[in-house]
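Survey of secondary and tertiary structure
For reference, the chains in residue letters:
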Amino acid sequence: MSLPNGWVKRNNLKKGNMVLIEINNDNTLSLFSSDLTGEELKEVTITYSHTFIDSIINQIYGTYLLGYNIIRINGTEQITFDHRDRIKHTMRTLAGLEIIEEDSTNIICQFLLDAGTLDIEKILRRMNTIIAGMYKDTIDLLGRSAENNIRKSVVSRDAEVDRQYFLLVRLIRSAMLDPQLATKLNLSNIDILDYRIAANHLENAGDYIKDFARALPRFDSEELLNKMIEASKLTIKMQEKSVTAFVNNNRIESSEIVRLYNKFNQLMDSIKELSAFRNRPEEPMLSISLLNSVYSMDKIARCWVDVADLVKPSYLK
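Residues numbered from 1 in each chain as written. Predicted model: local features only at pLDDT ≥ 70, side-chain atom pairs only at ≥ 80, totals over all residues. Heavy atoms only, no water.

**Concerning the overall build of the protein**
Secondary structure summary: the protein contains 10 helices and six strands in total. Counting only residues that meet the buried cut, the protein has 44% of its 317 residues in that class. When contacts within the protein are restricted to residue pairs at least 6 apart in sequence, those whose partners lie at least 24 apart make up 74%. Surface accessibility of the protein: about 17,400 Å² in total, with carbon and sulfur atoms responsible for 50%. (Helix = DSSP H or I, 4+ residues; strand = E, 2+ residues; numbered from the N terminus. Buried < 20%, exposed > 50% of the residue type's maximum accessible area, 1.4 Å probe, protein only. Contact = heavy atoms within 4.5 Å. Areas by Shrake-Rupley, 256 points an atom, 1.4 Å probe, with all protein chains shown as cover.)

Have a look at this one:
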């Protein structure tokens, strides 16, 4: 078969070189030069200096997200105990990254997962499952006190959400740079963009739930408490439907989110009105934590509306 002359030159192809051809789901063909076949071990070296530890931590995150498989921390001086501990803690927050070699002045880690075997939908669903558990446990705390262990558990689980989020972003960036990987993962350009945005909404939701759990108010009104619980249950339904609608590209299901959010907004308005009514001189003022909780719940609900908005119209399938 004839190949475009410019493409052949850009890929430095010569007579006898292999070209990989793959059939896409839409029956089009994708061509890859032999240079793009196989797993490439990209390496990067970060120079250690005890005066720039924050910069080193940022570089570790950055190189991980850029898809580097081997990250070397090299120093001409000994890595201090505290800095070594911070570097290791950072690496533990990045899924698939493991230390393979270490001495007094060097730390070498490698990404041990095969990007081609990862499933971007499963990673997003895993994030969603963790977040759902965080939110349901937080709702169970409404109207209760002395449950610090549960609060701490909710807050700590946000770290696992971040781990999955970083892994998903790494996979997306790698797919953008490697067309063969994108084909293997069955991701079009619009899919890559949508998953990146959806993951960001889920990561934000985890942060908002963490804030919500930290600042739960005490209720001296059974009516207020019941309305907060009812609004929270609506948010749970919104989450379930929005993520399912996104991964299944279900436009009908995504439209249901708008109806649920309108109902949620009505409840929020009634909570605010009830709070204002109760805020009278002869009664104690409601704590600022109630207003913060209402604000946090609205931000959480907005995340699920934004995820549902990513569902493609039927004519774009």
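**Comments concerning the packing of helix α5 (residues 148–177) against helix α7 (residues 189–214)**
At a minimum axis distance of 9 Å, the contact between α5 and α7 shows a crossing angle of 165°. Overall, the two elements α5 and α7 adopt an arrangement that is roughly antiparallel. The hand of the α5/α7 crossing is left-handed. Across the interface between the two elements, R151, V154, V155, D158, V161, D162, Y165, L168, V169, I172, A175 and M176 from α5 touch I192, Y195, R196, A199, N200, E203, G206, D207, I209, K210, A213 and R214 from α7. In terms of residue class, the contact of α5 with α7 is built from 14 nonpolar, two polar and eight charged. (Axes fitted to C-alpha atoms, helices over the stretch in contact; angles between N-to-C directions. Parallel < 35°, antiparallel > 145°, perpendicular 65-115°, else oblique. Left-handed = near helix turned anticlockwise from the far one by under 90°. Nonpolar A, V, L, I, M, F, W, Y, C, P; charged D, E, K, R; others polar.)

**Focus: the environment of K233**
One can find K233 in helix α8 (residues 222–248). According to the relative accessible area criterion, K233 is exposed, its value standing at 51%.

**Quick word on the pairing of strand β6 (residues 106–111)**
Within β6, six of the six residues are buried, which leaves the element mostly enclosed by the surrounding structure. Where strand β4 (residues 70–75) lies against β6, five bridges are found, and the strand directions are antiparallel. Its bridge partner lying in β6, R72 is registered against I108. Where strand β5 (residues 97–102) meets β6, five bridges bridge the pair, whose relative direction is antiparallel. Each residue of the ladder has a partner; that of E102, found in β6, is I107. (Pairing = 2+ DSSP bridges.)

**A word on the sheet that holds strand β3 (residues 43–48)**
Judged by pairing direction, the sheet is mixed, and its four strands sit side by side in the order β3-β4-β6-β5 without closing on themselves. Among the strands making up the open sheet, the edge pair consists of β3 and β5. In this sheet, neighbouring strand axes are inclined to one another by 20° on average, regardless of whether the strands run parallel or antiparallel. Relative to β4, β3 is paired through six bridges, and the arrangement is parallel. When the bridges of β4 are listed, Y48 appears paired with G75.

**Overview of the pattern of salt bridges**
Counting across every chain of the model gives 11 salt bridges. Residues R125 and E121 are paired through a salt bridge, measuring 3.1 Å at the closest nitrogen-oxygen approach. Within this pair, R125 and its partner E121 are both found in helix α4 (residues 120–140), separated by four residues, close to a single helical turn. You can call E121 partly exposed: its relative accessible area is 28%. Here the salt bridges share partners, and the residues they tie into one network are R84, K88 and E102. (Salt bridge = Lys/Arg side-chain N within 4 Å of Asp/Glu carboxyl O.)

**A word on the packing of aromatic side chains**
All chains considered together, the criterion is met by six aromatic pairs. Ring centres of Y61 and F166 lie 5.4 Å apart, and the angle between their planes is 45°; on these two criteria the pair is classed as tilted. Placement of Y61 in helix α2 (residues 53–65) and of F166 in helix α5 is noted, with a sequence separation of 105 residues between them. Note on Y61: relative accessible area 24%, which makes it partly exposed. Seen in terms of ring centroids, Y165 and F166 are 6.0 Å apart; in terms of plane orientation they differ by 45°. Their pairing is tilted. On the accessibility criterion, Y165 (10% relative accessible area) is buried. Members of the aromatic cluster, connected to one another through ring pairs, are Y61, Y165 and F166. When the ring centre of Y64 is taken as reference, the NZ or CZ atom of R170 above it lies at 5.0 Å. In this structure, R170 packs its charged tip against the face of F111, placed 3.7 Å from the ring centre. (Phe/Tyr/Trp six-rings, centres within 6.5 Å; stacked < 30°, edge-to-face > 60°. Lys NZ or Arg CZ within 6 Å of the ring centre and 35° of its normal.)

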